[in-house]
Amino acid sequence: MADSVEEIQKAKKTYLMVFGALLVCTVLTVAVATIPFFDGGAHGFDTFDMVLGLFIATVKATLVAAIFMHLNHEKKAIYWLFGSGIVFCIALMFLTGWAYADPIKFEGFYEGITNWGK
Amino acid sequence: MSNILDEIPYIVKARKDTGLFNSKIAIWLFLASEVMLFGGLFSGYIFLRIYADYPWPERALPVMPGFINTFVLIGSSVTVVFAWAALKMRKYRQFQVYMAITLLCAVGFMILKTIEYKAKFEHQAVRMEQTHAVAEGHFRKVDGEYYTNMINFEGTEFSFDLSRFHGPFLEQILKSAKDAGAKLTMSETTAAGYDLAARKFGVDLEPAVSEETELSADLLDDLRAKFLDRREKRSNLRIAALREAWSDVRTENAGFNLSDRELAAKLDVDSAAVTDNSEAPVQIVTFVSDKPLPLTFKPKFIQTDEGSARLKDGTGIKGQLTDSTLLLDVDTLDFRQTARRAEEKGLDPIEEIEKTWLITENPQIAQIWERHKEEVQKLREKLIERGDRDENGEAVLVPNENDIYRITWQEIVFYLDDNVTEEPGVFAGFAGPNHKKFDYPSIDIPREKVAFQSNLTPKWNTYYAIYFLMTGLHGLHVIGGAIVLGYFGFFSGKMYREHPEWLANRVEVGGLFWHFVDLVWIFLFPIMYLM
């Protein structure tokens, strides 16, 4: 944590640089989505655009978390706390995939109910 | 005097074991839970999108408000961290200035959000019967007032379900009868039903009803009370008879160790006890009008069919649909669902689209469609020029589903306005098409062509459901954060004088929350607006 006046002055410069980088990233993410010249992959929106868009968003999020939220130099306790939150968050993203890969098998289920007690 | 910082430990000084002041641990715990909350919603978005049974409104939102809002939030993230830095250097005035800018950003964000939401609420969409073609736009302004989607029905016979008729619907019917000077009397069948009940069971109905009985709210309330009363009595008798039968069968078979299922087979219910003295309750009462009564309902309250309609409370109406034409100024056309269905059936999508009511009956829409086909052809050629070819010589870049089957408001303006030489970009129009600036083609949609109508709200499709849910929840975070930061910024003079470091820690923790809100938006913006 920056505590002395000099360190804070230095940190402020970093914040401004990150601010600039975030603005550039925002313009970039809109440009690849709307200007045909920057459109990669197939014409219009496709997997390539999705990956690129999410990649830029992740870069921006990392900048905010690392610099503005000081996660680049934090205490261990916070890494553990927030890290486990992130792990579960990422796991949530795969819920649909897991549900698809492991459907509940209903074979024989209804017969079991109708024959119940017989 | 004891120092408050001794009484509340570790809010300024770090704890030895964690190396942190306690509030920081607390906010990170909270942020971890917030990450999982929004994570679950993003996961929900993925699910809805993968399993959507309709064409996703890809890149359908106007980009400009979201784009500006991204800048606004990033800017406020910088000012909040600057405010903290100013406090660390003990520059209170500067701290307050930065906090004020942060709050202004929050207000600006919410204003833009409001404009955006308002545009969605005003924007209507209609899905056509059979073809699934979609026309979007604004309802037409007639005599200075916007048309509202209402269903007009002329009824002559009304059947109320005594167990669940809805007062306001009844009132509307009574009012319409009063205005028309019509008389609503009990139908022969219903009167006979009551008569039969009275004769069969020797029960006097108070008030006595007959074919001359006129419909009134009091009468129906009374009949309802009697119906419910009789129904309860009947059910009590039934329960009593069953209880007796069960107790008999249990005594008779005591010692045989039979299961309930086996006992049930031996059950001998006294059927006379169930029906005796319990006249069949008349549940549906029908009244006939001597004149057709004009009625107007919101589409969600009435379902119409050939010669009949049903209200949401189960009231059946006989009569006919009268003019309920939908007046729409079209700014977007979407034939993607039509095309998908045609392809599933192995039909030519273009031919199927050209058979839809929208194109066969509306010359201006047909003109737009013809022009659109030309433009798609031009785009195809342009893409061939630009793109490579694969080993079979086929062009790699081709117009996609959205290019071919969806006509945006920008394209409509471009096709219809001779003064517009180039298609307006994604930033044009700010929050969407402007109906004051441009006269979009007007169409009159007969009611029987309408399968579903809604404004762009969760009712229309799951995309708008998740859009409003996530941006709404995010907006609430912005409001909550702004209130807390505002409190720290402008009600902190005393604390600053007494414990400046404590205040700095508070601002740091509040700032962490604010950065998190920014972080969520960083993902929300591309996912909702650009993908």
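Check the entry above for the structure.
Computed from a predicted model, the values in this text were never measured in an experiment.

Caption draft 1: Quick look at the overall build of chain B. When you go through chain B residue by residue, the secondary structure sums to 18 helices and 14 strands. Here the C-alpha atoms of chain B give a radius of gyration of 34 Å, more than 25% beyond the 24 Å that 2.2 N^0.38 yields for 531 residues. Along the first, second and third principal axes, the C-alpha atoms of chain B reach 95 × 80 × 55 Å. Within chain B, the fraction of its 531 residues that count as buried is 48%.

Caption draft 2: Layout of the packing of aromatic side chains. In this structure the tally under the stated criterion is 38 aromatic pairs over all chains. Aromatic pair A:Phe37 and A:Phe38: ring centres 5.4 Å apart, planes at 80 degrees, arrangement edge-to-face. For A:Phe38, a relative accessible area of 43% puts it in the partly exposed group. Taking the centre distance of 4.8 Å and the plane angle of 70 degrees together, the rings of A:Phe82 and B:Trp28 count as edge-to-face. Pair noted here: A:Phe82 is in helix α3 (residues 76-93) and B:Trp28 is in helix α2 (residues 22-50), and the two residues belong to different chains. You'll find A:Phe82 and B:Trp28 in the same group, each marked buried. Positioned above the aromatic ring of B:Phe165 is the side chain of B:Arg224, whose terminal nitrogen or guanidinium carbon lies 4.1 Å from the ring centre.

Caption draft 3: Spatial organisation of a nonpolar patch on the surface. Residue and element names in this part refer to chain A. On the surface, Ile86, Ile90, Phe94, Leu95 and Trp98 cluster together into a nonpolar patch covering about 500 Å² of accessible area. Elements supplying a minimum of two residues to the nonpolar patch: α3 and α4 (95-101). The residue Leu95 is located in helix α4 in this model. A relative accessible area of 44% means that Leu95 is categorised as partly exposed.

Caption draft 4: How the structure looks around the sheet that holds strand β5 (residues 151-161) of chain B. Residues and elements named next belong to chain B. Spatially, the six strands line up as an open sheet ordered β6-β7-β5-β10-β9-β8, and their pairing is antiparallel. Edge strands, defined here as strands with exactly one partner in the open sheet, are β6 (184-186) and β8 (302-305). The mean inter-strand angle of the sheet, taken between neighbouring strand axes irrespective of direction, is 25 degrees. Relative to strand β7 (residues 284-297), helix α5 (residues 167-180) is tilted by about 75 degrees, and along the sheet it contacts β5, β6, β7 and β9 (308-311). Along the sheet, helix α7 (residues 217-252) makes contact with β5, β6 and β7, crossing β7 at roughly 140 degrees.

Caption draft 5: The side chain of B:Lys113, seen in detail. Mapped onto the fold, B:Lys113 is located in helix α4 (residues 92-122). If we skip the residues at most four places from it in the chain, B:Lys113 touches B:Asn69, B:Thr471, B:Trp521 and B:Tyr529.

Caption draft 6: Focus on a positive patch on the surface. Among the surface-exposed residues, B:Lys298, B:Lys300, B:Lys312 and B:Lys459 lie close enough to one another that they form a single positively charged patch. With respect to the helices and strands, the residue B:Lys312 is situated in the loop between β9 and β10 (316-321).

Caption draft 7: The interface of chain B and chain A, seen in detail. Across the boundary between the two partners, chain B contributes 61 residues, which contact 54 residues of chain A. Around 5000 Å² of area is buried between chain B and chain A when both sides are counted, 78% of it from carbon and sulfur atoms. Seen at the junction of chain B and chain A, the total is five residue pairs in polar contact (both at pLDDT 80 or more). Of all the secondary structure elements, the ones that give two or more residues to the side of chain B that touches chain A are α2, α3 (63-88), α13 (363-386) and α18 (500-530) of chain B.

Caption draft 8: The arrangement of the packing of helix α1 (residues 5-34) of chain A against α3(B) in detail. Direction vectors running N to C along α1(A) and α3(B) enclose 175 degrees, while the axes themselves pass 10 Å from each other. Considering the angle they form, α1(A) stands roughly antiparallel to α3(B). Each of A:Ile8, A:Lys12, A:Tyr15, A:Leu16, A:Phe19, A:Leu22, A:Leu23, A:Thr26, A:Val27 and A:Val30 in α1(A) lies in contact with α3(B), whose residues at this interface are B:Val63, B:Phe67, B:Thr70, B:Phe71, B:Ile74, B:Gly75, B:Val78, B:Val81, B:Phe82, B:Trp84, B:Ala85 and B:Lys88. Residue composition of the contact of α1(A) with α3(B), by class: 17 nonpolar, three polar and two charged.

Caption draft 9: Structural detail: the pairing of β9(B). Residues and elements named next belong to chain B. A one-sided burial pattern is seen for β9, the buried positions being Ala309 and Leu311 and the unburied ones Ser308 and Arg310. Both β8 and β9 contribute to a ladder of four bridges, which runs antiparallel. When the bridges of β9 are listed, Gln303 appears paired with Arg310. Connecting the antiparallel pair β8 and β9 is a turn made up of two residues, with Gly307 showing a positive phi of about 80 degrees. Note: β9 against β10, three bridges, orientation antiparallel. Looking at the pairing, Ser308 lines up with Lys318 of β10. Hairpin geometry of β9 and β10 is characterised by an intervening segment of four residues between the two adjacent antiparallel strands and by a positive phi of about 95 degrees at Gly314.

Caption draft 10: The environment of B:Leu473, seen in detail. Residues and elements named next belong to chain B. Take Leu473: it is sitting in helix α16 (residues 462-490). Leu473 sits 214 residues away from Ser259 along the chain, and the two C-alpha atoms are 55 Å apart. Here Leu473 is in contact with Leu37, Phe38, Leu41 and Phe468, once residues within four sequence places are set aside.

Caption draft 11: Focus on the nonpolar core. If you look at the biggest cluster of nonpolar residues, it comprises 96 residues, and the most contacted ones within it are A:Met69, B:Trp28, B:Leu31 and B:Met528. The element best represented in this core is α18(B), accounting for 20 residues. Setting aside its immediate chain neighbours within four residues, B:Leu31 contacts A:Met69, A:Phe82, B:Leu512, B:Phe513 and B:Phe516. Ranked by size, the runner-up nonpolar core spans 35 residues in total, among them B:Phe335, B:Trp357, B:Ile368 and B:Tyr440.

Caption draft 12: The arrangement of the pattern of salt bridges in detail. Counted under the stated rule, the structure contains 25 salt bridges over all chains. Close ionic contact of B:Arg140 with B:Asp444 constitutes a salt bridge, the shortest N to O distance being 2.8 Å. Note that B:Arg140 is positioned in the loop between β2 (134-139) and β3 (141-142) and B:Asp444 in strand β13 (residues 442-445), a separation of 304 residues in sequence. A salt bridge links B:Lys175 to B:Asp179, with the shortest nitrogen-to-oxygen separation between them at 3.2 Å. Of the two residues, B:Lys175 and B:Asp179 are both situated in helix α5; the distance of four residues between them amounts to about one turn of the helix. The exposure class assigned to B:Lys175 is exposed, which follows from its relative accessible area of 53%. One network of salt bridges, in which partners are shared, links A:Glu74, B:Lys24 and B:Glu508.

Thresholds applied
- Residues numbered from 1 in each chain as written.
- Chains lettered and ligands numbered in written order.
- Predicted model: local features only at pLDDT ≥ 70, side-chain atom pairs only at ≥ 80, totals over all residues.
- Heavy atoms only, no water.
- Helix = DSSP H or I, 4+ residues; strand = E, 2+ residues; numbered from the N terminus.
- Rg over C-alpha atoms; globule rule 2.2 N^0.38 Å.
- Buried < 20%, exposed > 50% of the residue type's maximum accessible area, 1.4 Å probe, protein only.
- Phe/Tyr/Trp six-rings, centres within 6.5 Å; stacked < 30°, edge-to-face > 60°.
- Lys NZ or Arg CZ within 6 Å of the ring centre and 35° of its normal.
- Patch = residues over 30% accessible without salt bridge, like charges linked within 9 Å, V, L, I, M, F, W, Y side chains within 5 Å.
- Areas by Shrake-Rupley, 256 points an atom, 1.4 Å probe, with all protein chains shown as cover.
- Salt bridge = Lys/Arg side-chain N within 4 Å of Asp/Glu carboxyl O.
- Pairing = 2+ DSSP bridges.
- Axes fitted to C-alpha atoms, helices over the stretch in contact; angles between N-to-C directions.
- Contact = heavy atoms within 4.5 Å.
- Lys, Arg positive; Asp, Glu negative; His and termini not counted.
- Charge placed at Lys NZ, Arg CZ, Asp CG, Glu CD.
- Buried area = accessible area lost by both parts, 1.4 Å probe.
- Polar contact = N/O pair within 3.5 Å; in protein donor to acceptor, adjacent residues only side chain to side chain.
- Parallel < 35°, antiparallel > 145°, perpendicular 65-115°, else oblique.
- Nonpolar A, V, L, I, M, F, W, Y, C, P; charged D, E, K, R; others polar.
- Core = buried A, V, L, I, M, F, W, Y, C linked by side-chain atoms within 4.5 Å.

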